[in-house]
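In case you want the letters, here they are:
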Amino acid sequence: MTLGFCSGVFLSWAFFELGVFLSWDMSRILTFVLKVYFRAVLIPTLINAVLTVSTPPVSISDSSLLSLWAKHYLPDLSTFSAQPDLPAAIAEVGRKKTADQIRRYLRVYCELASIETSTLLNHHNAINLSDARRLAVSVEQVYLKLLTMHERQLFWTFSQGQAASRLITLPTIKDLAAELDPVLAELKQDHLRSQEPNLIGFVTTQFHFTTRTVLKSLSTTERVLIEPYFRFAEEQICMPWQQICAAALKPTSQSFGVAIVQQFLPQCDAIAQAVYQRTVHQYDHYQSRRGSLRSPEIRASVLRDLTMFQSYLWLSVLEGNLETVQRNLLPTCQMVFPNLQVSWTLVNVMLGLLIVEIQNRCSDAQWEWVMPIVRSLQAMFEVAGQELETRPLA
């Protein structure tokens, strides 16, 4: 069935339905039309186009994706080897000293993060005071586990006889995930059983604020050594890295799509940086509830969010649909961004810049493959913006 024929059938039906709602104002009618068109025609047509692109087979291995996932957590080591406290910090005694220092005030850090998260996000009544306190305790248990892991081994280690900025040995990311899974599973069981987006947004924000508070108490060297563990745990909650690896290895996965994801995963951070710079250039004086786009804290949050968008995009490319985006990413964004006074216009601008950056890095064949998913994602967020604009104020 062609897009034109689908559109004709849709419009006839939509206008019939609109007769029921003649009392609505024009903005609500427009939102209704866009929403129904998006769900009834645009997504099925564009997603179906993914399956009709003819591409050559490409091989992929389990270890390659896991290695790319691990490299995502490597810091910039260009000047790190010159830190005078590096030898002491990487030693077992030094790592235990750092862990003990964090443990001493960890409960306070978690409770402060809980208060800040509640202040920012609890307009939706996502969580009551008692549950917020229980969540702070659960988050503390995750960080205690991370500190134990850090004491035992570095997230990444220096190869003997080599400069830190030249050669490092990565951990087995699968083993790290397996070790952290039980404590994260307990947190999810206690606080995320319903998969409510309000709760997911609350938990991920609490992790973000806790990590920020802990890292402020450490030296530069200590931060670089332990931050990968914290980032890894936070992203286990809000980014589908394990799902990406699992989807890529399914027998039904298209090898060309897997190869695209394999190429773009190492570029996630660079793409996020490029989009952030362009956003700051266009919105130099923009202020959200938390401050300016140029502030270090906002910059870190924006980069994380841009990486999160990319992770969900590549999962959608592998799965051939936007179900995970619609179930997890979009509702979380609808809950978090308005409460931070981040305009949906800015969200859509940044999504557009992200798409342009990805397109510029794609070959023609790659873009033909990912374009239907990308355009559907963009349409989904545009419709969401229309819905937010017509939503009554609480």
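Everything here concerns the structure above.
Throughout what follows, the structure given in this document is the object of discussion. These numbers come from a predicted model, not from an experiment. (Residues numbered from 1 in each chain as written. Predicted model: local features only at pLDDT ≥ 70, side-chain atom pairs only at ≥ 80, totals over all residues. Heavy atoms only, no water.)

### Concerning the overall build of the protein chain
As a reminder, the rule being used: Counting from the N terminus, the helices are DSSP H or I runs at least four residues long and the strands are E runs at least two residues long. Only protein chains enter the area calculation, which uses a 1.4 Å probe; residues under 20% of their type maximum are buried, those over 50% are exposed, and those in between are partly exposed. In what follows, a contact means two residues having at least one pair of non-hydrogen atoms within 4.5 Å. Note that accessible areas follow from Shrake-Rupley with a 1.4 Å probe, and for residues the cover is restricted to the protein chains shown.
Of the regular secondary structure elements, the protein chain holds 16 helices and four strands. For the protein chain, buried positions account for 52% of its 394 residues. Considering only intrachain contacts with a sequence separation of at least 6, the fraction spanning at least 24 residues in the protein chain is 81%. Taken as a whole, the protein chain presents about 18900 Å² of accessible surface, with 56% of it coming from carbon and sulfur.

### What to know about the packing of helix α13 (residues 296-319) against helix α15 (residues 344-361)
Defined as follows: Between the N-to-C directions of two axes lies an angle of 0 to 180 degrees, each axis being a line fitted to C-alpha atoms and, for a helix, fitted only over the stretch in contact. With respect to orientation, any angle under 35 degrees is reported as roughly parallel, any angle over 145 as roughly antiparallel, any angle of 65 to 115 as roughly perpendicular, and every other angle as oblique. By definition, turning the near helix anticlockwise from the far helix through less than a right angle yields a left-handed crossing, and turning it clockwise yields a right-handed one.
Contact geometry of α13 with α15 gives a least axis separation of 11 Å together with a crossing angle of 60°. It follows from the interaxial angle that α13 and α15 lie oblique. You can see that α13 and α15 cross each other, and the crossing is right-handed. Taken together, the residues of α15 that come into contact with α13 (itself represented by V302, L306, F309, Q310, L313 and W314) are M350, L351, L354 and I358.

### Some words on helix α14 (residues 323-339)
For the record, the criterion: Multiplying one less than the number of residues by 1.5 Å gives the expected span of a helix. Take the seven residues that end at a residue and the seven that start at it, fit an axis to each, and the angle between those axes is the bend at that residue.
The first and last C-alpha atoms of α14 sit 24 Å apart over 17 residues, in line with the 24 Å expected at 1.5 Å per residue. In the structure, α14 departs most strongly from a straight axis at L329, where the bend amounts to approximately 30° and where the proline P331 lies between one and four residues downstream. One or two steps after α14, the chain reaches Q341, where phi turns positive at roughly 60°.

### Quick notes on the packing of aromatic side chains
The test is simple: Each pair of aromatic rings taken from Phe, Tyr and Trp, with Trp reduced to its six-membered ring, is defined by centres within 6.5 Å and is described as stacked if the planes are under 30 degrees apart, edge-to-face if over 60, and tilted in the remaining cases.
Applying the stated criterion across every chain, the model contains eleven aromatic pairs. Their ring planes at 75° and their centres at 5.5 Å tell us that Y73 and F232 sit as a pair that is edge-to-face. Of this pair, Y73 sits in the loop between α3 (62-71) and α4 (86-90) while F232 sits in helix α9 (residues 220-238), placing them 159 residues apart in sequence. Under the relative-accessibility criterion, Y73 is labelled buried at 2%. For F232, a relative accessible area of 0% gives the class buried.

### Quick word on α15
With 18 residues, α15 should reach 26 Å at 1.5 Å per residue; the first-to-last C-alpha distance of 26 Å fits that figure. All of the buried residues along α15 are W344, L346, V347, N348, M350, L351, G352, L353, L354, I355, E357 and I358.

### What to know about the pattern of salt bridges
The condition is simple: Here a salt bridge means any side-chain nitrogen of Lys or Arg lying within 4 Å of a carboxyl oxygen belonging to Asp or Glu.
Using the criterion set out here, one finds 16 salt bridges in the structure. Residues R212 and E297 are paired through a salt bridge, measuring 3.3 Å at the closest nitrogen-oxygen approach. With R212 in helix α8 (residues 197-216) and E297 in helix α13, this residue pair connects regions lying 85 residues apart in the sequence. By relative accessible area, E297 is classed as partly exposed at 30%. For D305, the salt bridge identified is with R304, shortest N-O distance 3.2 Å. An identical accessibility class is assigned to D305 and R304; each is buried.

### A closer look at the side chain of T211
Note the cut-off: N or O atoms within 3.5 Å of each other form a polar contact, as long as, within protein, one can give a hydrogen and the other can take it, and as long as residues adjacent in sequence are counted only when both atoms are side-chain atoms.
Inspection of the secondary structure puts T211 in helix α8. You can call T211 buried: its relative accessible area is 7%. Here Y143 takes part through its side chain, which lies 2.6 Å from a polar atom of the side chain of T211. Contacts of T211, omitting those with residues within four sequence positions, involve Y143, F230 and E234.

### As for the environment of W241
The topology assignment puts W241 in helix α10 (residues 241-248). Distance from W241 to L265, taken between C-alpha atoms, is 9.9 Å for residues 24 residues apart in sequence. In contact with W241, other than residues within four places in its own chain, are W69, H72, Y73, E235, L265, C268, T307 and S311.

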